[in-house]
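Fold and geometry: a report
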Amino acid sequence: MSLFTPVSGLLGGSMIGLSAATLLLGNGDILGASGICSSFALAPRKTLTEPSQQWKLAFMASFLVTVRLYMKYIDPEALEDPRLGTDPALPIVSPLGYVVSGFLVGFGTRVCGKLKAQPR
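Parameters and conventions
Residues numbered from 1 in each chain as written. Predicted model: local features only at pLDDT ≥ 70, side-chain atom pairs only at ≥ 80, totals over all residues. Heavy atoms only, no water. Helix = DSSP H or I, 4+ residues; strand = E, 2+ residues; numbered from the N terminus. Buried < 20%, exposed > 50% of the residue type's maximum accessible area, 1.4 Å probe, protein only. Areas by Shrake-Rupley, 256 points an atom, 1.4 Å probe, with all protein chains shown as cover. Axes fitted to C-alpha atoms, helices over the stretch in contact; angles between N-to-C directions. Left-handed = near helix turned anticlockwise from the far one by under 90°. Contact = heavy atoms within 4.5 Å. Nonpolar A, V, L, I, M, F, W, Y, C, P; charged D, E, K, R; others polar. Phe/Tyr/Trp six-rings, centres within 6.5 Å; stacked < 30°, edge-to-face > 60°. Patch = residues over 30% accessible without salt bridge, like charges linked within 9 Å, V, L, I, M, F, W, Y side chains within 5 Å. Salt bridge = Lys/Arg side-chain N within 4 Å of Asp/Glu carboxyl O. Expected span 1.5 Å × (residues − 1). Polar contact = N/O pair within 3.5 Å; in protein donor to acceptor, adjacent residues only side chain to side chain.

**Overview of the overall build of the protein chain**
Within the protein chain, the secondary structure is distributed over five helices and zero strands. Along its sequence from the N terminus, the protein chain presents helices and strands in the succession α-α-α-α-α. Expressed as a percentage of its 120 residues, the buried residues of the protein chain come to 8%. In the structure as shown, the protein chain presents an accessible area of about 9,900 Å², 71% of it carried by carbon and sulfur atoms.

Written as structure tokens, this is what we have:
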């Protein structure tokens, strides 16, 4: 498997851009993973029960479904890296590290968004 795949990268990026534009034009919402995840953490009842917010649950579930389908039918070794464990320059991060870093990114996005909205 090659790490440089410009065609699949272009197709995937185009699909993400098209879905972001569709959501913005059709629903008025911005497609951002940190904003969607924070709505689950800050107002889970509203996000799960309000019809105008339920698209967020389907969006997050689609990540899990598409990864499983891709790994089952297209590339079962997609998450295996032959360098893992042999290259000392490649850091090995625990799942907890990914969760913590995700929360930090979301927090920074929220703080910078509020700072940007303030008058100068």
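Still more to cover.
**What about the packing of helix α2 (residues 33–42) against helix α4 (residues 55–74)?**
With their axes 10 Å apart at the nearest point, α2 and α4 run at an angle of 120° to one another. Of the two elements, α2 crosses α4, and the hand of that crossing is left-handed. Of the residues in α4, those touching α2 at I36, C37, S39 and F40 are W55, K56, L57, F59 and M60. The class makeup of the residues in the contact of α2 with α4 is seven nonpolar, one polar and one charged.

**Some thoughts on the packing of aromatic side chains**
The final tally for this structure, using the stated rule, is two aromatic pairs. Summarising the aromatic geometry, the rings of W55 and F59 are spaced 6.4 Å apart at their centres and angled 65° between planes, so their arrangement reads as edge-to-face. Of the two residues, W55 and F59 both sit in helix α4, four residues apart, roughly one turn of that helix. Measuring from centroid to centroid gives 5.0 Å for F59 and F63, while their planes differ by 75°, and the two rings are edge-to-face. Remark: F63 and F59 occur in helix α4; sequence separation between them is four residues, near one turn of the helix. Classification of F63 by relative accessible area gives partly exposed; the value is 40%. Taken together through their ring pairs, the aromatic side chains of W55, F59 and F63 make up a single cluster.

**Considerations on a nonpolar patch on the surface**
A cluster of nonpolar side chains, namely V65, L69, Y70, Y73 and I74, defines an oily patch on the protein surface of about 550 Å² accessible area. On the secondary structure map, L69 appears in helix α4. Exposure remark for L69: the relative accessible area of 46% places this residue in the partly exposed category.

**Observations regarding helix α1 (residues 6–27)**
The first and last C-alpha atoms of α1 sit 31 Å apart over 22 residues, in line with the 32 Å expected at 1.5 Å per residue. Just downstream of α1 lies G28, where phi reads positive at about 80°.

**Things to note about the side chain of S39**
Within the element layout of this structure, S39 appears in helix α2. Only 2.6 Å separates the side chain of S39 from the backbone oxygen of I36, close enough to count as a polar contact. Setting aside residues no more than four positions away along its own chain, S39 makes contact with P44, T47 and K56.

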